[in-house]
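Residues per chain, in single letters:
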Amino acid sequence: MITITHLDKHFDRLHVLKDISLNVKPGEVLVLCGPSGSGKTTLLRTINGLETIDSGTITVDGETVDPKSREIRRQRQGIGFVFQQFNLFPHLSVIDNITLAPRKLKGLTRDEAEARAMQLLDRVGLRDKRDVHTDTLSGGQQQRIAIARALAMEPPVLLFDEPTSALDPEMVGEVLSVIRELAQDGMTMLCVTHEMGFARDVASRIIFMADGRIVEDTSPGQFFSAPESARARAFLQDILGH
Amino acid sequence: MIEILQTYGMQLLIGGFPHTPLGGLALTVILAVSGLVLAMPVGLLMAVPLRSRFRPVKALAELIVFYIRSVPLLLHVLWVYFLMPAIIGVSFPPAITMLITLVLFNGAYISKIVVAGIDALPRGQTEAALSLGFGRVQTMRHIILPQALRNMLPSLVSQLSLLIKETALGAAIGATEATQTFLDLADNLPGQAIQVYALLALAYFALCYPLLLIGRRLERCVGKAQKIATEPAS
Amino acid sequence: MTLIEFLSGRYGELLLKGLIVTLQLSGVTLAASFVIGVVLTLIRLSPLWIVQQAVGLLVDAIRSVPLLVHVIFWYFGAPELLPDGLRMWLYARDVNFICAAVAISIYAGAFISEDLRSGLRSIPRGQSEASLSLGFSGFETFRYIILPQAFRITVPPLLGQAMTLTKNTSIALMIGVPELVYQARRIQDITYEPLMPYASATLVYVVICALLTLASRAYSRTALSHRTEPERTPATREQSA
Ligand SMILES: Nc1ncnc2c1ncn2[C@@H]1O[C@H](COP(=O)(O)OP(=O)(O)OP(=O)(O)O)[C@@H](O)[C@H]1O
Ligand SMILES: [Mg+2]
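Residues numbered from 1 in each chain as written. Chains lettered and ligands numbered in written order. Predicted model: local features only at pLDDT ≥ 70, side-chain atom pairs only at ≥ 80, totals over all residues. Heavy atoms only, no water.

J.: Please clarify how the overall build of chain A should be interpreted in this entry.
T.: Broken down by element type, chain A carries nine helices and 10 strands. For 242 residues, the compact-globule estimate of 2.2 N^0.38 gives 18 Å, and chain A sits close to it at 18 Å. For the C-alpha atoms alone, the extent of chain A along its principal axes is close to 55 × 45 × 30 Å. Within chain A, buried positions represent 57% of all 242 residues. In the form shown here, chain A has an accessible surface area of approximately 10,200 Å², with 46% of it arising from carbon and sulfur atoms. (Helix = DSSP H or I, 4+ residues; strand = E, 2+ residues; numbered from the N terminus. Rg over C-alpha atoms; globule rule 2.2 N^0.38 Å. Buried < 20%, exposed > 50% of the residue type's maximum accessible area, 1.4 Å probe, protein only. Areas by Shrake-Rupley, 256 points an atom, 1.4 Å probe, with all protein chains shown as cover.)

Following this line, the structure appears as structure tokens:
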């Protein structure tokens, strides 16, 4: 589904992604974790074509992703992205946030798009918020709408960048359970998160990054019981140990 | 003052109309409103090269806007009044001259407001749109511009009151807007000139002060909305 | 005739005279309007609600009337209201210049007081609370904590006001003050040729504004560089005609 080979990326002189290779099969859920600054966000953004790369290749569904090509807009429609800060469109109501892209980009009529949006609102449990303004929603609700917005384009792949780290603790659960259900439905997903309980339950594989490299790529069982690298052990100790 | 209003009120309001072209306060308001309406598209158009990623285009646009903003409006008025006819061979009546000048002058200022409004939006808005598959132009049209224009609303209201004040310079080339009309009346009523000037000031106050208050109120609303949009409840 | 030839002759001399008057008028009114602005702001800091409101309304009223109307009022109207002695004194001097200066100073002063006030208000409450909690008095807090921060924020808008004020002095031509644009117009009346005089005057304003813009940028770069929040973009015009 997603194949990354020998990917390198610099921000000026900072080498943020070093020789990344990764293969994601359909229906897999990958959890990316690692210390701050290790390049997780950057990796996700390159897959969506939001960052250029220096060398290597990224293919999604067999097609090369290149931010400078003409195909990038169509390709992005097939790669959903959920941001840490939600980035809902504040000038639009909830329903318009969800239907804008299908209407403008897929040529759906308003009725078609809204019917589909209502199903999605059901799925994220916010049917009654249909016409409210986004700024009246709680963080957890905003993030659930953001997920619905990404799903509205019916992408085969979803990318999540720390979807719960801007939320108050009591709202983390509602967002994670939506993602959990998506996983059960067989959605292919890449999720950066530090919610280790969620990772253990949902992930098919854990990707541990440090200093721009993939240090471990293993099953959750293996990762949590017997991490191979010292860095992963230290990371787990920091995050679980206290 | 009441007496002056009773006798000359109509003249102050519409000038010598219908015997002469429309003048007085009516002309002031028409010039200001149509000036703003026409300056909006000019400002939006000028914002395009100002945000161009092609250096020379951006530099040229900046230069033009800088030129317009660094020369006194009065001097612009004189340029358009005396030099436009020489250059393009057509001369316009004073009121039209005033309108052309106001549109270009305010267009330059509005273009800067537009650019500032666009740049003030969080980057996440553009990225969210791009990640859904919108192109640059579509992102601008559906996501960025609607928000930028909403945030600009208070500035545009202030812009209207600026335009109302700027029309007074029409008196320099004999456009019979409010100031010119009141000045003419003051000449005809030597003993009561000071009352006429006071009325003139009051008239502008009555037009501009409400706009000032509306602008402030809008600023507060937009400011609040903006805050919520950029700092999501966490 | 080239611009150089034009400027080196008699007309160049007239324009130079005009430029000097423009600079004099700008200098005098800049100083006076700053004082007026500070005084208005200080009065507005009064704890009395009614005083705040009254000064606020006065400032708004001044800003709501075109500068040209202020100038007309002070030149044609106000002297009538003066006692005879004072009026004689005034007319014995450069009455046009004085009246224009008074009008411009009051007008710009109102705008400057708004800038100063919003500068003061932009300092977060936490600053004065922190200062008070350290044991500073209210006055000391204002003097050592609030004012220095507010001043730094207010310098760029004040330079913007200086720019607008310089441009606005051209309105004094309407009551016959022989400033730059007045002289350009006069030359046009003599030669029937508008291009050279207006181009020269325009050039002068562009140069003045370029200098003030550079000063403002340099200031923002050095003095404001450590501030984390973005500086206010001076996109809207504060004064205008
Ligand atoms: N646009 C940018 N320009 C320059 N440097 C950047 C940019 N974006 C990220 N970086 C740097 O690249 C490195 C990797 O950043 P990235 O955001 O990918 O890390 P991350 O693993 O997502 O960290 P976190 O857990 O804090 O979100 C960091 O050192 C960061 O400072
Ligand atoms: Mg990150």
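The structure having been displayed, the exposition proceeds.
J.: I tried to follow the UniProt feature "transmembrane region" (unreviewed entry) in chain B on my own but got confused; where do I start?
T.: Residue and element names in this part refer to chain B. UniProt records the feature "transmembrane region" (unreviewed entry) at residues 25-48, 60-81, 87-105 and 194-214, using the numbering of this structure. Taken end to end, residues 87-105 is 74% helix and 0% strand, and its first and last C-alpha atoms sit 19 Å apart. Secondary structure across residues 194-214 comprises 100% helix and 0% strand; the distance between its end C-alpha atoms is 30 Å. (UniProt positions renumbered as here; feature names shortened; annotations may be inferred.)

J.: It is not clear to me how the site of ligand 1 should be interpreted in this structure. Could you clarify?
T.: Residues and elements named next belong to chain A. Every residue close to ligand 1 is listed here: F11, L14, V16, S36, G37, S38, G39, K40, T41, T42 and E162. A distance of 3.2 Å separates an oxygen atom of ligand 1 from a polar atom in the backbone of S38. Considering ligand 1 on its own, with 630 Å² of exposed area, one finds that the protein chains cover 59% of that surface. Listed by contribution, the elements that provide at least two residues to the shell around ligand 1 are β2 (14-24) and α1 (40-47). If you tally residues by element for the shell around ligand 1, the top one is α1, at three residues. Each residue belonging to the shell around ligand 1 can be placed in one class, and the counts come to three nonpolar, six polar and two charged. (Near = heavy atom within 4 Å. Polar contact = N/O pair within 3.5 Å; in protein donor to acceptor, adjacent residues only side chain to side chain. Nonpolar A, V, L, I, M, F, W, Y, C, P; charged D, E, K, R; others polar.)

J.: Where do I start with the sheet that holds strand β1 (residues 2-11) of chain A in this structure?
T.: Strands in a sheet are paired, the pairing made by backbone hydrogen bonds, and the direction either parallel or antiparallel. Residues and elements named next belong to chain A. Taking strand neighbours across the sheet as the criterion, the four strands line up as β2-β1-β4-β5 in an open arrangement whose pairing is antiparallel. Here the strands that pair on one side only, and so sit at the sheet edges, are β2 and β5 (63-64). Sheet analysis places β1 next to strand β4 (residues 55-60), joined by five bridges and oriented antiparallel. Considered in β4, the bridge of I4 is made with I58. Here α1 sits on the sheet in contact with β1, β2 and β4, set at roughly 120 degrees to β1. (Pairing = 2+ DSSP bridges. Contact = heavy atoms within 4.5 Å. Axes fitted to C-alpha atoms, helices over the stretch in contact; angles between N-to-C directions.)

J.: Quick question: what am I supposed to make of the pattern of salt bridges here?
T.: Two side chains of opposite charge can pair, provided their charged atoms sit close to one another. Residues and elements named next belong to chain A. In the structure shown here, the tally under the stated rule is 28 salt bridges over all chains. Here E71 and R74 are joined by a salt bridge, their closest N and O atoms 2.7 Å apart. You can call R74 partly exposed: its relative accessible area is 42%. (Salt bridge = Lys/Arg side-chain N within 4 Å of Asp/Glu carboxyl O.)

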